[in-house]
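# Summary of the model geometry
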Amino acid sequence: MITGVALTASAGMAFAQAAQNTTGTSGAVPPAPSSTTVQEFVVTGSRIPQPNLTSVSPVTAVSSQELKLEGTTRVEDLINQLPQVVAAQGGNLSNGASGTATLDLRGLGATRNLVLVDGRRLGPGDPTTPEADINFIPVGLIDRIDVLTGGASAVYGADAVAGVVNFIMKKDFEGLRLDVNAGIYENGNTDTKSQAANTALGYHAPNSSIADGRSTDVSVIFGANSPDGKGNVEGYLEYRYIAPVTEAARDYSFCSVAVSGSKYTCGGSSTSAFATIRTYNSAFKSTGVYQVDPTVPQQLNKYTGAPNQLYNYAPENYYQRPDQRYSGGMFAHYDITPHLTAYSQFMFMDDDSKAQIAESGAFGVTVAVPCNDPLLSAQEVAAVCTKPGYTTSATNTLIYKRNIEGGPRIDDLRHTDYRAIVGLRGDINANWHFDVYGQYYTTLLSSLQTGYFSNAKLANALNVIPGPGGQAVCASNPTGAAGGCVPYNIWTTGGVTKSALNYLEVPAEESGQTTEQVVSGSITGDLTPYGGKSPLAKEGIGVSFGAEYRREFLDTLPDAEEQAGDLAGSGGKTLPVSGGFDVKELFAEMRIPLVQDMPFVKELTADVGYRFSHYSEAGNTTTYKITGEWRPVDDVLIRGGFNRAVRAPNVDELYSVQSVQLDGNADPCAGATPTFTAAQCARTGVTAAQYGNISANPAAQYNGLTGGNPNLKPEAANTYTIGAVVTPSSVVKGVSFSADYFNIDVTNVIAKEGFSNIIDECANTGDASACNLIHRQSGTGSLWLNPQGYVTDTLQNLGYLKTAGVDFTFDYRVNFRDFGLPDYGGLALDFLGTWTQKYVEQGAPGTQPVNCAGKFGDICAGTPTRGVPLPYWKSKTRVTWTTPLQGLQVSVDWRRIGDVNIDSGATSKIDDHIPAFNYMDLSLQYRFKGRYSFRLGVNNTFDKNPPVIGSGELPATVGNGNTFPQVYDALGRYFFTGVTADF
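Residues numbered from 1 in each chain as written. Predicted model: local features only at pLDDT ≥ 70, side-chain atom pairs only at ≥ 80, totals over all residues. Heavy atoms only, no water.

Before going further, it helps to examine the overall build of the protein. Within the protein, the secondary structure is distributed over 13 helices and 49 strands. Radius of gyration (C-alpha) of the protein: 31 Å, near the 30 Å computed for a compact globule of 983 residues. A burial count over the protein gives 58% of its 983 residues as buried. Counting only carbon and sulfur atoms, one obtains 59% of the accessible surface of the protein, whose full area is about 36,700 Å². Distance from the positive charge centre (69 side chains) to the negative charge centre (93 side chains) of the protein: 3 Å. (Helix = DSSP H or I, 4+ residues; strand = E, 2+ residues; numbered from the N terminus. Rg over C-alpha atoms; globule rule 2.2 N^0.38 Å. Buried < 20%, exposed > 50% of the residue type's maximum accessible area, 1.4 Å probe, protein only. Areas by Shrake-Rupley, 256 points an atom, 1.4 Å probe, with all protein chains shown as cover. Lys, Arg positive; Asp, Glu negative; His and termini not counted. Charge placed at Lys NZ, Arg CZ, Asp CG, Glu CD.)

With that settled, the discussion passes to the side chain of Arg813. With respect to the helices and strands, the residue Arg813 is situated in strand 39 (residues 800–815). A distance of 2.9 Å separates a polar atom in the side chain of Arg813 from a polar atom in the side chain of Asp830. (Polar contact = N/O pair within 3.5 Å; in protein donor to acceptor, adjacent residues only side chain to side chain.)

Counting across every chain of the model gives 6 disulfides. The disulfide partner of Cys474 is Cys485, and the gap between their sulfur atoms is 2.1 Å. On the S-S bond that ties Cys474 to Cys485, the torsion sits near -65°, and the link is left-handed. Taken as a pair, Cys474 in strand 24 (residues 472–474) and Cys485 in the loop between strand 24 and helix 8 (498–504) lie far apart in primary sequence, 11 residues in all. Of the two residues examined, Cys474 and Cys485, each falls in the buried class. Each disulfide in the protein links cysteines that, numbered along the sequence, combine into the pattern 1-2, 3-4, 5-6, 7-8, 9-10, 11-12. (Disulfide = S-S within 2.5 Å.)

Quick look at helix 12 (residues 755–765) now. Among the residues of helix 12, Phe755, Ile758, Ile759, Glu761, Cys762 and Ala763 are the ones counted as buried. Where helix 12 is buried, its residues meet strand 31 (659–664), helix 11 (678–683), strand 32 (702–706), helix 13 (768–771), strand 36 (774–775) and strand 37 (790–792). Directly after helix 12, the chain includes Gly766, whose backbone phi takes a positive value near 75°. (Contact = heavy atoms within 4.5 Å.)

As a further point, take empty space enclosed by the protein. Evaluation of the coordinates by the stated rule reveals 9 cavities of 30 Å³ or more. Size it by volume and the largest cavity reaches roughly 740 Å³. Along the wall of the largest cavity there are 48 residues; nearest its centre are Asp77, Asn80, Gln81, Gln966 and Val967. The set of elements that each furnish at least two residues to the lining of the largest cavity consists of helix 3 (75–79), strand 8 (210–225), strand 40 (826–842), strand 43 (873–882) and strand 44 (888–897). Of the residues forming the lining of the largest cavity, the biggest block, 4 residues, is contributed by strand 43. Tallied by class, residues from the lining of the largest cavity come to 22 nonpolar, 17 polar and 9 charged. Of the pockets and cavities examined, the second largest cavity occupies roughly 250 Å³. (1 Å grid on protein atoms, 1.4 Å probe; cavity = no way out; pocket = protein on both sides within 12 Å on 5 of 7 lines; lining within 4 Å. Points joined across faces, edges and corners; volume = space filled by probe spheres on them. Nonpolar A, V, L, I, M, F, W, Y, C, P; charged D, E, K, R; others polar.)

Turning to its location among the elements, Gly569 is positioned in the loop between helix 9 (560–563) and strand 27 (577–598). Each C-alpha atom, one on Gly569 and one on Phe363, is 6.5 Å from the other, the two residues being 206 residues apart in sequence. Residue contacts for Gly569: discarding those within four places in its chain leaves Phe363, Arg409 and Tyr452.

All right, on to the sheet that holds strand 37 then. What links the strands of a sheet is backbone hydrogen bonding, and the strands pair in either a parallel or an antiparallel sense. Across the sheet, 4 strands lie side by side as 31-32-37-36; this open sheet has mixed pairing. Of all the strands in the sheet, just strand 31 and strand 36 have a single pairing partner and so form its edges. When strand 32 meets strand 37, the two strands line up parallel, connected through 2 bridges. Residue Gly704 lies in a different strand from strand 37, and its bridge partner there is Val791. (Pairing = 2+ DSSP bridges.)

This part covers the pairing of strand 18 (residues 340–359). Both strand 17 (residues 323–337) and strand 18 contribute to a ladder of 14 bridges, which runs antiparallel. Opposite Ala332, over in strand 18, you have Ser344 as the bridge partner. With antiparallel pairing between neighbouring strands as the criterion, strand 17 and strand 18 make up a hairpin whose turn holds 2 residues. One ladder, built from 19 bridges, connects strand 18 with strand 21 (residues 408–427); its direction is antiparallel. The partner of Asp352 across the bridge, within strand 21, is Arg414.

Looking at the protein, the pLDDT average stands at 90 and 95% of residues meet or exceed 70. Confidence, read as mean pLDDT per element, is least for helix 1 (residues 12–21) in the protein (28) and greatest for strand 10 (residues 245–246) (97). Taken as a whole, residues 4–41 scores under 50 in pLDDT and shows 81 contacts with residues more than four places along the chain or in a different chain. (pLDDT = per-residue confidence, 0-100.)

This part covers the nonpolar core. Counting 64 residues, the largest nonpolar core has Ile145, Phe167 and Phe964 as its most contacted members. Not counting chain neighbours up to four residues away, the residues in contact with Ile145 comprise Thr60, Ala61, Val62, Val75, Ile79, Val165, Asn166 and Phe167. Judged by nonpolar contacts, the second largest core, of 33 residues, contains Tyr290, Val369, Leu504 and Ala568. (Core = buried A, V, L, I, M, F, W, Y, C linked by side-chain atoms within 4.5 Å.)

Topologically, Thr605 is positioned in strand 28 (residues 601–615). It is 26 Å that separates the C-alpha atoms of Thr605 and Leu832, two residues lying 227 residues apart in sequence. Once residues within four sequence positions are removed from consideration, Thr605 is found in contact with Arg591, Ile592, Pro593, Leu594, Thr627, Gly628 and Glu629. Among the polar contacts made by the side chain of Thr605, one reaches the side chain of Glu603 at a distance of 3.1 Å.

Summed over the entire model, instances satisfying the criterion amount to 23 aromatic pairs. Pairing Tyr236 with Phe331 gives two aromatic rings, centres 6.4 Å apart and planes at 40°, and the pair type is tilted. Remark: Phe331 occurs in strand 17 and Tyr236 occurs in strand 9 (residues 231–242); sequence separation between them is 95 residues. Ring geometry for Phe348 against Tyr418: centres 5.3 Å apart, planes inclined by 45°, an arrangement best described as tilted. Note that Phe348 is positioned in strand 18 and Tyr418 in strand 21, a separation of 70 residues in sequence. Lying over the aromatic face of Phe742, Arg106 brings its terminal NZ or CZ to 3.6 Å of the ring centre. (Phe/Tyr/Trp six-rings, centres within 6.5 Å; stacked < 30°, edge-to-face > 60°. Lys NZ or Arg CZ within 6 Å of the ring centre and 35° of its normal.)

Here it is in structure tokens:
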């Protein structure tokens, strides 16, 4: 069950009451404390223990019950459903996948929120993208998930700009629990428009129901108390397997869709199964574009880019990556004395996931084709050599050829993570308590890439001359010696040999490690005995203060192939990164009850906090919070506050080596009819002779100098919240409602200005700071032909990010008996909704801000949303019926994703607008004998297909299979079942 009351209202009572009215739907509730004791809870967002589940900041609590009702095997699938969350890395991405699962609150980026386990940091999950990997979290051990949206840096430190996600693990478990979950997707393949587009090109897309993508999750939890009752040891083991699904398994993803008006057509890549050859004269002016005839040997046809000349690369891509994970760990504590407890935690994960995309090949490799190449026919010699004016070698020839004779590109991503904590906590005296611990976290990465061609070997294998007896041999291996270069015969269909593939295909490996070390100590206390109490309050001032030391270090080691950028179709060089930083911090927090139990002021409390941080690389920062709550009557709580948060640059942002990579998708000064005028292009470095003669990249890929920046400074954010919680128990029992306005303003944002933004700014304004970043290749003016042409686009402290909106919750618990009806059981309703008023980014000071609220697409792809849909409205509503049959529950969940429009403002195509999507999930759970629980359900009950978005409007970094698979249910309906047994 998801609730916004459990931790948002000053309502420990409301939480308990909700649980009593719907037994089993809100998770286990501890027994009520006796009248002589005060039971304290640590609330996410504060270090000060409190006598109820009060939080000044809005916190959404997701119980372990919700995980079971959704059949969750991947935690990110459930978290992404929350209205405050925007989809990030996950199991449905393949091209550009890191193999991790990350969280993104408010769309501000996964680096701007902090993931905690029991209130302590979860370290970076990958050395190439140092963000927390929630694959590490064992699903079976989760007690609840607290999602606090709003700055929390004063309490938890850097990165908590958008908020924190705190995974609370089960504690003090005794006995043995076995939990097994299994699921499978099913889709009817009934998208007639997609099927028609495939049929038009002779593709055979699936047109009947298919079941695939099965998942299995098995966990064992075991625990025992010590014989003297002073301690507990709890352990767990978990195994997860997720089967792959390719885009070939769905009709709407079988080809790469292009959209014209309301009609779908199948697009594709000009790097085709049959070689495409682009010829140029010595001035690099195009003299012809040809493609090898698929049926006539050694025949070149004119290449026009017609759909039937393109390559359908979609079927090989994974729609769901295969994943196999093993995890285990233990939690232990022992009371050394009544006032001193030792505790420890150890967690381990080994996760192996494979990302698969279409085949490698020759992606516009520039070669000098010998005019006496014996593999060429007379007609091919005339096209390649004679027409461009060459006699010995066709120097400026670009070759495009897909390696269909080989196989797809695969990145085998393996992460092995360890997390260990040892600590002591206890009482200094009756009013003062301490907690000190040390934490070590490390992630080991192993990445093996296969199926890639070597660019250097391609150049050799295409430089073919007559050898002994007229035999075709490589110029680099003129005798045709075994083990040397083998000619790559692209000039006729079926000419590629296995020996050529063995020569061209090279594996590549990258290893890496990231570590995080934390030593932290804090003291909490009650100042009441020292006069620290308002005369108008019953409770005294609570304080917490302490110090923390944190060190982060990462290094990556790509092999020689990756460092040279030699892999065809990999996007450029992958260079080693090594570096780290440490931070020393002092923090303090104070909770001040000002007025209690007075007329119109049942409670008035202030909560303030401060943290000073000294970073070895980024210098000093200060964060603070000033928040408060006012309860005029028992049923109404008004809360609000201000948080100053920071995000220091991570190691990758500081130390990633700068190199020329693929970075842009358009040069407005390229092509025979440039988009920009001659005057505009001149500002970008184009000469009068080059204007109209610069070759455009047919794959829309241009070079940028990208990488880190050791001079980066921390980002800063101001977060404002104000809201109200109403629990009208005197009018309607079991009801609670909350509304909280949030406003987050991040400045000094660490980001790239963007290839297109730099060119546009230079062309339109002539600003030297932008124009000096453009480096056109001498002679050709190109920004893609070789690494000498590029735009400098490294990380900088640039403009701002602003987002604002309102979070809503509504919870209702009722028994039919309360209305005088027969005992039909009880109903529980839980509603969460977020209205995003705005989401604005300014890439660099002086540039035009971009508003991505209610939008999706390539313009917003440059913001932290990465172009994924960011609807104005998103909600989740669950209704659960606890039936009169003891132990039986039936639940329905309604997920709504609001409509969005293309960020360019165009309205001419069907995919310029994505309508609102509504999903219905059903589940049934039955518990009997107090020890066994069975459940089954179906998500996306009506098998609603995802929106189909054309390739021109689908950002490559987040799009997959013609849609946004981490946002919408991409694979169809999902059937699941599970069993839990306690022994």
